[in-house]
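Fold and geometry: a report
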Amino acid sequence: MKEDSKNRPAKPRRPHTQVVTGGRDPASYHGFVNPPVYHASTVLYPSAEDYVAHRAQYQYGRRGTPTTEALELAVQELEGPQCAHVALLPSGLAAISAALLAVVQSGDHVLITDSAYGPTRSFCDRILTRLGVSITYYDPLVGHAIGELMQPNTRLIYLESPGSLSFEMQDVAAMTAAAHARGALALMDNTWATPLYFRPLEHGVDLAIQAGTKYIGGHSDVMLGTVSANNATAASLRDTVRYSGWCVGPDDVYLGLRGLRTLATRLDRHFQSGLAVARWLEQRPEVLRLLHPALPSHPGHALWKRDFTGACGLFSVVLKPVPQQAVYAFLDALELFGIGASWGGYESLAIPFDCAPVRTATRWAPGGPGVRFHIGLEAVEDLIADLEQGFAALAAAARA
Ligand SMILES: Cc1ncc(COP(=O)(O)O)c(C=O)c1O
């Protein structure tokens, strides 16, 4: 059993406690609550012999410092006991590419969900194919039947649940079981839930990815990614990151650590406010349907309820058909919702979207224009008042 800094057996802790205590050891930094931000390249060794034998806890800035170690250990604890290693990367997309590169080799075939974050597709189509890896996109709702799409050289299946624009829920346990039965690995982008609301490694995922840019950072001021590995993938992840020379600047790591300490509290608020605004939107005459897995009307609600303990502030709506200019008028009239792509910060956002041009395995025809919302930490009443004025602008533009 692990021990704490006073050599007492470590007690199992709940996630709300883990985000506060994980990776923190004030005794080793003079009692200060937070670890110092080590701006570091060279590490000096006590003697030539020590240098030659690499006898030092930290060997080189790129290979890790007490600051990076604190964030890695905190995320590792949050991912649960199956997590054997965490790597930090300079963005969420870098975490996605690092995870894929950690396990594929030339001649492999990979199965990628058609609902994947757009740049994930671009990495697969433009870089992995160049390395001799073949790609098949699959229907995110395929479930256990993913096994039927697998080829003798299928190395991995890649999940993102829910999809971060279209919100299809995937049966993670059934799909990882099907992959493992055929000797393949399962990778998952878990940015939406974070390990607070869903722990992928407990459901059979071998490499879990987070864009720390979103909720871990939480303040729209940092780019960060994490990859969490189980025992099957830890060594190859560690080697791939080490031999590629990827590392994250110390101030960004610190911002990640700082954000992590309030993650549970912020996320609970995003969850509650997001649901409140989604329920309000669901009653609006302009709205065709909500794409929010925590609403009973969502086709993936049963899976969400079975597997997840919460929902973040990100969801989409499909509006009843109106000219695209009316959608733009709606968005332009909003004052509290910024128009911007990233999410997970304290502020609310709204963007228009259409998955149709990028889909290759499924058809995206939801029946009207899509708008994705990120519900921030503002008062729900103010957000609803803002949306009301947006709908007034939408109606005026639709009449024009
Ligand atoms: C689901 C998802 N994964 C990964 C990323 C990439 O993260 P980053 O912007 O840090 O590269 C994003 C960014 O929007 C995302 O929405």
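Figured I'd write up the structure that's included with this text. (Residues numbered from 1 in each chain as written. Predicted model: local features only at pLDDT ≥ 70, side-chain atom pairs only at ≥ 80, totals over all residues. Heavy atoms only, no water.)

Structural notes on the site of the ligand
Convention followed: If even one non-hydrogen atom of a residue comes within 4 Å of a molecule or strand, that residue is called near it. Whenever two N or O atoms come within 3.5 Å, that pair is a polar contact, provided that in protein one can donate a hydrogen and the other can accept it, and provided that, for residues adjacent in sequence, both atoms are side-chain atoms. Exposure was quantified through the Shrake-Rupley algorithm and a 1.4 Å probe, taking into account, for residues, occlusion by the shown protein chains and nothing else. Numbered from the N terminus, helices here are DSSP runs of H or I no shorter than four residues, and strands are runs of E no shorter than two. Three residue categories are used. Nonpolar comprises Ala, Val, Leu, Ile, Met, Phe, Trp, Tyr, Cys and Pro, charged comprises Asp, Glu, Lys and Arg, and polar comprises the others, including Gly.
Close contacts around the ligand come from 14 residues, with Gly-92, Leu-93, Asp-189, Thr-213 and Lys-214 the closest. Measuring from an oxygen atom of the ligand, one finds a side-chain N or O atom of Lys-214 at 2.8 Å. With respect to the ligand, the side chain of Trp-343 contributes an N or O atom lying 3.1 Å from an oxygen atom. The protein chains hide 91% of the 390 Å² of surface that the ligand would expose on its own. Top element by residues in the shell around the ligand is helix α4 (residues 92-103). It accounts for three residues. Looking at the shell around the ligand residue by residue, the class counts come to six nonpolar, five polar and three charged.

Section: the environment of Arg-13
Here is the rule we go by: Burial status follows relative accessibility: with a 1.4 Å probe on protein chains alone, a residue under 20% of its type maximum counts as buried, one over 50% as exposed, and anything between as partly exposed. The contact definition used throughout considers only heavy atoms, calling two residues in contact when any of these lie within 4.5 Å.
Within the element layout of this structure, Arg-13 appears in the segment before α1 (15-21). Take Arg-13: its relative accessible area is 45%, and that puts it in the partly exposed class. Remark: the alpha-carbon pair of Arg-13 and Tyr-158, spanning 145 residues in sequence, is separated by 30 Å. For Arg-13, the contacting residues outside a window of four places in its chain are Gln-18 and Thr-21.

A short note on the sheet that holds strand β9 (residues 314-319)
Keep this limit in mind: Any two strands between which DSSP finds at least two bridges are classified as paired. Every axis in this analysis is a line fitted to C-alpha atoms, fitted for helices over the stretch in contact. Angles between the N-to-C directions lie between 0 and 180 degrees.
In space, the four strands of this open sheet follow the order β8-β9-β11-β10, with antiparallel pairing throughout. The open sheet has two free edges, formed respectively by β8 (287-291) and β10 (349-353), since each of these has just one partner strand. For this sheet, the mean angle separating the axes of adjacent strands, direction not counted, is 25 degrees. Here β8 runs beside β9; their pairing, made up of four bridges, is antiparallel. The partner of Val-287 across the bridge, within β9, is Leu-319. Along the sheet face, helix α10 (residues 263-282) touches β8, β9 and β11 (370-374) and points at about 5 degrees away from the line of β9.

Points about helix α9 (residues 250-260)
Residues of α9 that are buried include every one of Val-253, Tyr-254, Gly-256, Leu-257, Gly-259 and Leu-260, and no others. Here the buried face of α9 lies against α1, α3 (66-79), β1 (85-89) and α10.

Regarding the nonpolar core
For clarity, the threshold we go by: As used here, the term nonpolar core means buried Ala, Val, Leu, Ile, Met, Phe, Trp, Tyr and Cys residues forming a set that is joined through side-chain atoms within 4.5 Å.
Counting residues in each nonpolar core, the largest one holds 84 residues, and the members touching the most others are Trp-192, Leu-281 and Phe-373. Residues Ala-98, Tyr-158, Ala-234 and Val-241 belong to the second largest nonpolar core, which totals 31 residues.

Describing α3
For clarity, the threshold we go by: The length a helix should cover is 1.5 Å for every residue beyond the first. What the arc covers is the set of directions going from the helix axis to the C-beta atoms.
Here α3 spans 20 Å end to end across 14 residues, near enough to the 20 Å set by a 1.5 Å rise per residue. Along α3, the residues that are buried comprise Thr-67, Thr-68, Ala-70, Leu-71, Ala-74, Val-75, Leu-78 and Glu-79. Projected onto a plane normal to the axis of α3, the buried residues spread over an arc of 165 degrees and lie on a single side. Immediately beyond the C-terminal end of α3, within one or two residues, lies Gly-80, with a positive phi of roughly 100 degrees.

What to know about the packing of α3 against α9
Using the following cut-off: Each crossing gets its handedness from the near helix: less than a right angle anticlockwise from the far helix is left-handed, clockwise is right-handed.
Between α3 and α9, the least distance of the axes is 9 Å, while the angle of their chain directions is 35 degrees. For the element pair α3 and α9, the recorded crossing hand is left-handed. Across the interface between the two elements, Thr-67, Thr-68, Ala-70, Leu-71, Ala-74 and Leu-78 from α3 touch Pro-250, Val-253, Gly-256, Leu-257 and Leu-260 from α9. A per-class count over the contact of α3 with α9 returns eight nonpolar, three polar and no charged.

Functional significance is not addressed by these values, which are geometric in nature.
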